[in-house]
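# Structural features, examined
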Amino acid sequence: MLIAGDIGGTKTDLAIFSSEAGPHSPLAQTRVHSADYPSLQAIVKEFLGKAKKPVDRACFAIAGPVINGRVRTTNLPWVIEDVSLAEELNLNLKSVRLINDLEAIARAVPILRPSDVNTINDGEPVPKGTIGVIAPGTGLGESFLTWDGSRYLAHSSEGGHSDFAPTDERQIRLLEYMLKLFDHVSFEHVCSGIGIPHLYRYLRDVEHLLEKPDVAKLIDSVGDPSVVIIEQAFDPTNPSKLCAATIDLFASILASEAGNLAVKFLATGGVYLAGGVAVHTLPAIQAPAFFQRFKRKGRFAELMGRIPIHVVVTPAAIAGAAAYGLENAAAGSALG
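This text gives an overview of the structure that appears in the document. (Residues numbered from 1 in each chain as written. Predicted model: local features only at pLDDT ≥ 70, side-chain atom pairs only at ≥ 80, totals over all residues. Heavy atoms only, no water.)

## Brief notes about the overall build of the protein
- Looking only at helices and strands, the protein has 13 helices and 13 strands in total.
- For 336 residues, the compact-globule estimate of 2.2 N^0.38 gives 20 Å, and the C-alpha radius of gyration of the protein, at 20 Å, lies within 12% of that figure.
- Across the 336 residues that make up the protein, the buried fraction comes to 52%.
- Sequence-distant contacts, at least 24 apart, represent 69% of the contacts inside the protein between residues at least 6 apart.
- With an accessible surface of roughly 15400 Å², the protein has 54% of that area assigned to carbon and sulfur atoms.
- Considering the protein, the positive charge centre built from 30 side chains and the negative charge centre built from 36 side chains are found 2 Å apart. (Helix = DSSP H or I, 4+ residues; strand = E, 2+ residues; numbered from the N terminus. Rg over C-alpha atoms; globule rule 2.2 N^0.38 Å. Buried < 20%, exposed > 50% of the residue type's maximum accessible area, 1.4 Å probe, protein only. Contact = heavy atoms within 4.5 Å. Areas by Shrake-Rupley, 256 points an atom, 1.4 Å probe, with all protein chains shown as cover. Lys, Arg positive; Asp, Glu negative; His and termini not counted. Charge placed at Lys NZ, Arg CZ, Asp CG, Glu CD.)

Structure, rendered in structure tokens:
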């Protein structure tokens, strides 16, 4: 029995899995607001106390670089270590795994079902070709998979923290605006849940796009403005023009960076977009402008048009963490 988790800056998903049921069929699960707890241990202990199912293994996908079994979360004030987790959960250290959340999403890609994805471009996938993964959530994560001769191997990355590179005059002005706020402007600053409010304020304060007073008041009153901005952008009866412009700008930046990922890794196996923000802004990603922006790589435009693009619409990180944990459990049993 395995407890697996997806630990992000906004939410933490936990679930219990068995080798028999597999990574797509949790036996118990929960979702909590990460910042409501002082530590991952506190969340796990509470969940296990309620679930009343014994576990002997754990695998957690965490937003942040995992080095030697230790990670300082990027958008939470937590330090997570496999040693202390094993001690507090009364588990063998060898049975506790910490992996980067984007590595976990990448590990889920080979086991995705047709219902788990929404295809933006069918393309012409090259068998065993490299696969790119980009996931805007609270932050922006990136990873990739390579074929080792018998299976795909997932690789973690912190590419979301690379320098934001504007691709048109509006984005150049956005960068100038952002440089007044930060010494270093990354893609995460403008292409994630924490980035969307920056785009909104730029359009409001620099380009002077007007906002309806009731929407402005609502955005100013919440802890996570990006949720309201996305909701108002896609309001079916009375959408906010400023919010809609914000999401269009977000989608254009995401498309460009997804294209960057594709050319850097020569992702002929496809590019997968994941993360909560990608799911909630799916109408903008499905719009023709997204694919046109993705392809806009000069002499490589024709090649870019052949790269498949998929949006993962189910929680992939926890499935990838579960698959990794169960795989290691099976390997351990075989060795034993």
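Still to come is the rest of the account.
## Description of helix H4 (residues 169–179)
- All of the buried residues along H4 are Gln 171, Leu 174, Leu 175, Tyr 177 and Met 178. Along the axis of H4, the buried positions cluster into a sector of 160°, meaning they face one direction only.
- For H4, the secondary structure elements touched by its buried residues are helix H5 (196–205), helix H8 (241–265) and helix H11 (288–295). (Arc of directions from axis to C-beta.)

## Side note on the packing of H5 against helix H7 (residues 225–233)
- The contact between H5 and H7 brings their axes to 8 Å, and the two run at 65°. Both H5 and H7 take part in a crossing whose hand is left-handed. Together, Ile 196, Pro 197, Tyr 200 and Arg 201 of H5 and Pro 225, Ser 226, Ile 229 and Ile 230 of H7 make up the contact between the two elements.
- Within the contact of H5 with H7, the residues separate by chemical class into 6 nonpolar, 1 polar and 1 charged. (Axes fitted to C-alpha atoms, helices over the stretch in contact; angles between N-to-C directions. Left-handed = near helix turned anticlockwise from the far one by under 90°. Nonpolar A, V, L, I, M, F, W, Y, C, P; charged D, E, K, R; others polar.)

## So, the pattern of salt bridges
- The full count for this structure, using the stated rule, is 14 salt bridges.
- In this structure, the salt-bridge partner of Arg 151 is Glu 327, at a minimum N-O distance of 3.2 Å. Of this pair, Arg 151 sits in the loop between strand S10 (140–147) and strand S11 (152–155) while Glu 327 sits in helix H13 (residues 316–335), placing them 176 residues apart in sequence.
- Residue Arg 151 is classed as partly exposed on the basis of its relative accessible area of 41%.
- Linked by salt bridges that have partners in common, Asp 6, Lys 11, Asp 13 and Arg 31 make up one network. (Salt bridge = Lys/Arg side-chain N within 4 Å of Asp/Glu carboxyl O.)

## Quick word on the packing of H7 against H8
- It is the contact of H7 with H8, at a shortest axis distance of 8 Å, that shows an interaxial angle of 105°. As judged from the angle between their axes, H7 and H8 are roughly perpendicular. For the pair formed by H7 and H8, the contact residues are Ile 229, Ile 230, Gln 232 and Ala 233 on the first element and Cys 243, Ala 244, Thr 246 and Ile 247 on the second. (Parallel < 35°, antiparallel > 145°, perpendicular 65-115°, else oblique.)

## Observations concerning the sheet that holds strand S8 (residues 117–121)
- In space, the 6 strands of this open sheet follow the order S8-S13-S12-S9-S10-S11, with mixed pairing throughout. Both edges of this open sheet fall to S8 and S11, since each of them pairs with a single strand only. Averaged over all pairs of adjacent strands, the angle between their axes in this sheet comes to 25°, without regard to strand direction.
- Pairing geometry for S8 and strand S13 (residues 309–312), over 4 bridges, is antiparallel. Bridge pairing in S13 places Val 117 opposite Val 312. (Pairing = 2+ DSSP bridges.)

## Section: H8
- With 25 residues, H8 extends 36 Å between its outermost C-alpha atoms, agreeing within 8% with the 36 Å of an ideal straight helix rising 1.5 Å per residue.
- The buried fraction of H8 amounts to 19 of the 25 residues, a majority that puts the element mostly inside the structure.
- Of the residues flanking the start of H8, the one acting as N-cap is Ser 240, its side-chain oxygen 3.4 Å from the backbone nitrogen of Leu 242.
- One or two steps after H8, the chain reaches Leu 266, where phi turns positive at roughly 45°. (Expected span 1.5 Å × (residues − 1). Polar contact = N/O pair within 3.5 Å; in protein donor to acceptor, adjacent residues only side chain to side chain.)

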